[in-house]
Number of protein chains: 2
Amino acid sequence: MSSPAASRITAVDTFDIRFPTSRELDGSDAMNPDPDYSAAYVVLRTDAADGLEGHGFTFTIGRGNDVQVAAIDALRAHVLGRPVDELCADPGLLARDLTGDSQLRWLGPEKGVMHMAIGAVVNAVWDLAAKRAHKPLWQLLADATPEFLVSQVDFRYIADVLTPEDALHLLRRGREGAAERTGLLKERGFPGYTTSPGWLGYSDEKLTRLARQAVADGFTQIKLKVGADLADDVRRCRVARSVVGPGIRMAIDANQRWNVDEAIEWTKALAEFDPYWIEEPTSPDDILGHAKIREAVAPVKVATGEHVQNRIVFKQLLQAGGIDVLQIDAARVGGVNENLAILLLAAKFGVPVCPHAGGVGLCELVQHLSMFDYVALSGTTEDRVIEYVDHLHDHFLDPVVIREGHYMAPTAPGFSATMRPESLAEFTFPGGTFWAADLAQQARTDQKLTGQKGAAA
Amino acid sequence: MSSPAASRITAVDTFDIRFPTSRELDGSDAMNPDPDYSAAYVVLRTDAADGLEGHGFTFTIGRGNDVQVAAIDALRAHVLGRPVDELCADPGLLARDLTGDSQLRWLGPEKGVMHMAIGAVVNAVWDLAAKRAHKPLWQLLADATPEFLVSQVDFRYIADVLTPEDALHLLRRGREGAAERTGLLKERGFPGYTTSPGWLGYSDEKLTRLARQAVADGFTQIKLKVGADLADDVRRCRVARSVVGPGIRMAIDANQRWNVDEAIEWTKALAEFDPYWIEEPTSPDDILGHAKIREAVAPVKVATGEHVQNRIVFKQLLQAGGIDVLQIDAARVGGVNENLAILLLAAKFGVPVCPHAGGVGLCELVQHLSMFDYVALSGTTEDRVIEYVDHLHDHFLDPVVIREGHYMAPTAPGFSATMRPESLAEFTFPGGTFWAADLAQQARTDQKLTGQKGAAA
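Since the structure is predicted, the reported quantities are computational estimates derived from the model, not experimental observations. (Residues numbered from 1 in each chain as written. Chains lettered and ligands numbered in written order. Predicted model: local features only at pLDDT ≥ 70, side-chain atom pairs only at ≥ 80, totals over all residues. Heavy atoms only, no water.)

Undergrad: Residues and numbers for the side chain of Gln 221 of chain B, please.
TA: All names here are of chain B. Checked against the element boundaries, Gln 221 lands in strand S5 (residues 221-225). Overall, Gln 221 belongs to the buried group, its relative accessible area being 2%. Sequence-distant contacts of Gln 221, that is, excluding residues within four places in its chain, are made with Tyr 193, Thr 194, Ile 248, Arg 249, Ala 251, Tyr 276, Trp 277 and Val 385. (Helix = DSSP H or I, 4+ residues; strand = E, 2+ residues; numbered from the N terminus. Buried < 20%, exposed > 50% of the residue type's maximum accessible area, 1.4 Å probe, protein only. Contact = heavy atoms within 4.5 Å.)

Undergrad: Give a detailed account of the sheet that holds strand S2 (residues 38-46) of chain A, specifying residues and quantitative values.
TA: All names here are of chain A. In space, the three strands of this open sheet follow the order S1-S2-S3, with antiparallel pairing throughout. The two strands at the open ends of the sheet, each matched to only one other strand, are strand S1 (9-18) and strand S3 (54-60). Neighbouring strand axes in the sheet, compared pairwise and without regard to direction, differ in orientation by 15 degrees on average. Along the sheet, helix H6 (residues 112-132) contacts S1, S2 and S3; its crossing angle with S3, the most-contacted strand, is approximately 150 degrees. (Pairing = 2+ DSSP bridges. Axes fitted to C-alpha atoms, helices over the stretch in contact; angles between N-to-C directions.)

Undergrad: Describe the relation of the copies chain A and chain B, and please don't skip the residues or the numbers.
TA: One copy of the chain maps onto the other through a rotation about an axis followed by a shift along the same axis. Aligned on chain B, chain A shows an RMSD of 0.0 Å; the corresponding rotation is 180 degrees and the shift along the axis is 0.0 Å. What we have between these two chains is a two-fold relation. When C-alpha positions in chain A are compared against the rotation axis, the closest is assigned to Gly 112 of chain A, at 2.4 Å. When the interface residues of chain A are mapped onto chain B, 100% of them again lie at the interface, so the same face is used by both copies. (Least-squares fit on C-alpha atoms with pLDDT ≥ 70 in both.)

Undergrad: Could you give an account of the interface of chain A and chain B, naming the residues involved and the relevant values?
TA: Residue-level contacts link 62 residues of chain A with 62 residues of chain B. Our enumeration of links across chain A and chain B arrives at six salt bridges. One salt bridge in this structure joins Asp 285 of chain A and Lys 111 of chain B, with 2.9 Å as the shortest N-O distance. For the pair chain A and chain B, the number of links is 34 residue pairs in polar contact (both at pLDDT 80 or more). Among the elements of the structure, S3, helix H1 (65-73), helix H5 (102-105), H6, helix H13 (260-269), helix H14 (287-297) and helix H15 (311-319) of chain A are those that each provide at least two residues to the side of chain A that touches chain B. With five residues, H15 of chain A is the single largest residue contributor to the side of chain A that touches chain B. (Salt bridge = Lys/Arg side-chain N within 4 Å of Asp/Glu carboxyl O. Polar contact = N/O pair within 3.5 Å; in protein donor to acceptor, adjacent residues only side chain to side chain.)

Undergrad: Outline helix H13 (residues 260-269) of chain B, listing residues and values.
TA: For H13 of chain B, the set of buried residues is Val 260, Ala 263, Ile 264, Trp 266 and Thr 267 of chain B. For H13 of chain B, the elements touching its buried residues are H15 of chain A together with helix H12 (230-244), strand S7 (275-279) and helix H14 (287-297) of chain B.

Undergrad: An account of the pattern of salt bridges is needed here, citing residue identities and associated values.
TA: Throughout the structure, instances matching the rule amount to 64 salt bridges over all chains. Across the pair Asp 13 of chain A and Arg 45 of chain A runs a salt bridge whose closest N-O atoms are separated by 2.6 Å. Remark: Arg 45 of chain A occurs in strand S2 and Asp 13 of chain A occurs in strand S1; sequence separation between them is 32 residues. For Arg 45 of chain A, a relative accessible area of 27% gives the class partly exposed. The partner of Arg 172 of chain B in a salt bridge is Glu 147 of chain B, with the nearest N and O atoms 2.7 Å apart. Of the two residues, Arg 172 of chain B sits in helix H9 (residues 164-175) while Glu 147 of chain B sits in helix H8 (residues 146-151), which places them 25 residues apart along the sequence. Taking the relative accessible area as the measure of exposure, Arg 172 of chain B reaches 44% and is therefore partly exposed. Assessed through its relative accessible area of 42%, Glu 147 of chain B is described here as partly exposed. Among the ionic contacts, a cluster of salt bridges with common partners joins Lys 223, Lys 225, Asp 253, Glu 279 and Glu 387 of chain A.

The structure is reproduced here in structure tokens:
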């Protein structure tokens, strides 16, 4: 074998990573009572001398993580063998090849399992590109020319609202003052808000303690899960508001629990506690429903996005006046490229972007997108906050750093997506050390119960 | 082992079935140049003495069919062990359990790979229920009480537009004259239209021959694929219109090729050939885009639905005035139960339902839904036609029967979903007899080419 002229992608390795979070009721909400936070994780390896890898993932909450891994596996043939220089110079080309695969497209198009898989792979390419450029991703994007960024966006199905010329204009405007904002970002970070106090499974005592802690930690916004039981919600909102006082923003989040009319009634019933926004009041697919809710519940703002499938639905949520706050997710849509399109749509409509995060590694990823947005597109942090949840960060090599309620700008090259090798070894399902031991323990318990039943019979 | 008190589901077997249709350019259109029509196929087995099985499937066009199979496998635990009587008496309960699985829901919700998998399993239950009732599915549904049918619908996220009371009213009204319509249906069948002449990959000669044949066969509507090249489309529409004359409806289908503004321009450029509808002018996710297109291209009608992910998007297409023709697909949404919701929404808005079919087995399935709609809901076949494509029917035990351009009412019990065992044995990928031989042949060819290259070097 002669050595290749240019280095290429030599492996697309996938991992089914699951954390047993359901045992602590972390992350419980009205629709998701017992999530096991998980990642369908992908590593791109190359034969380049630098030894750098591209890491990416889809976040899931347990069952079905294997389906998500199978979807990433289905993309392998598109990535394997690509020249690394070309791939990293134009991730948008791969993104278009993946969403345009005519056979795989049938499984979406551009939504659900297959689209999230594309997002994981595209994000892994951006991770590799940023590592090779020796820059954190936010800086790679902020340093890029407007022309390059426009070339990275797929305008199909959004060109009626956002043209390449519009995008160029927004990005050129965004560059004004970018150097100064970069300095401010490095000094102060980007504002965050915390969901840690507000999970449904927590007691009032724990809610009180964590809400108090959130204010002490410098957060100016917290979020409470609602939607399972109105009397509970009234009590929990009252507790939280009394703890944090009137000066702290308190968002509420129904995780799609309601029909349109229920959303309106329920939100109004909680209005006395001055919620800043109602998040995911109904199905993320219901554009017209969000518009109706928003009109009815003002001045409470309407927020959604963590389950919005792609730029086309975001386009319409903005067109229809369905949202006050746009919540991107770094690992739901088709990766950095589609999120660029969504950030541009938000900028065109002047709607603030407040990312969804938490889960596994979503904070690590999405901070880069908000920081780029601040430095080189929207130009402001006003009314912009990134969700923060203090779970599972220690599994990452370059975990988020929070100071005084702010995300500090990452300095390590890449997309902060790389999980520790020992975490992969422990939490790979079902063969990792944690799960192997856990499943063996379960099998012993099952056997014992069967034995007891047999003896009792 | 003592025998169980009631018979239960004992196996949920899955098959990755692929037909090599790309080699004939059957099914080629502007977005899908080389589909290999495939089915992620599921068989529910029981320990009942009747030996009956429930069959269902998701249609895909090749790559990714394995991901779809993995998604069906992920549902197995929900189905295995269920008592058959209860399951068949209330398939809606299973449908709700599947869409409501909080962890799997994260992978949608209610869209894409995971939702289509749910559709396959739910449809398999209805197949089993109809077989056990000794009725074709259309008749099982038409004979059911309005109260039962309402109990089968999930009104979540559509109740702002369609309440259970609305549904009950529509179904009670639909029963009036049902006996007479059943007689007419058995005598004349349900009107179809054919897409067979219009695939993009066909020559003008083949288009001419097949369009002439379609009229001779009694079809009163044909459909042409468009959207790859305007000059070609003008020529092909001219050829087809001149062959079929002015009295035959000619639909055109862009398979999502266009942006909103392109859709308007292109459709107007073809208006001189009097197209009856423009199908899938743009992304199925673009509700507001469809409304804009519809307003601009009238009197050409706007049709979509084969890729519409769920009842929530259909609800909005109707609310926004985005479509003149609603095209259900039997295997895209969450099965019969969700299609009941969609038929009810269409009935409420008075919009005709003209199902998408073709592919593998989609004609076999969807005829049952249209026939139910005619007999017991809409009460009419006016402006209603089911797509017909003459591919791959011989793989089914109970294939569609077309007479004088009409689908004849199925008489065999079930959902017409059962594939011949010999077809499963031949076209299972990659181990079936066809694919094993084909892949071996490919390997030999590859080896030979490598050998020649080696010799030439």
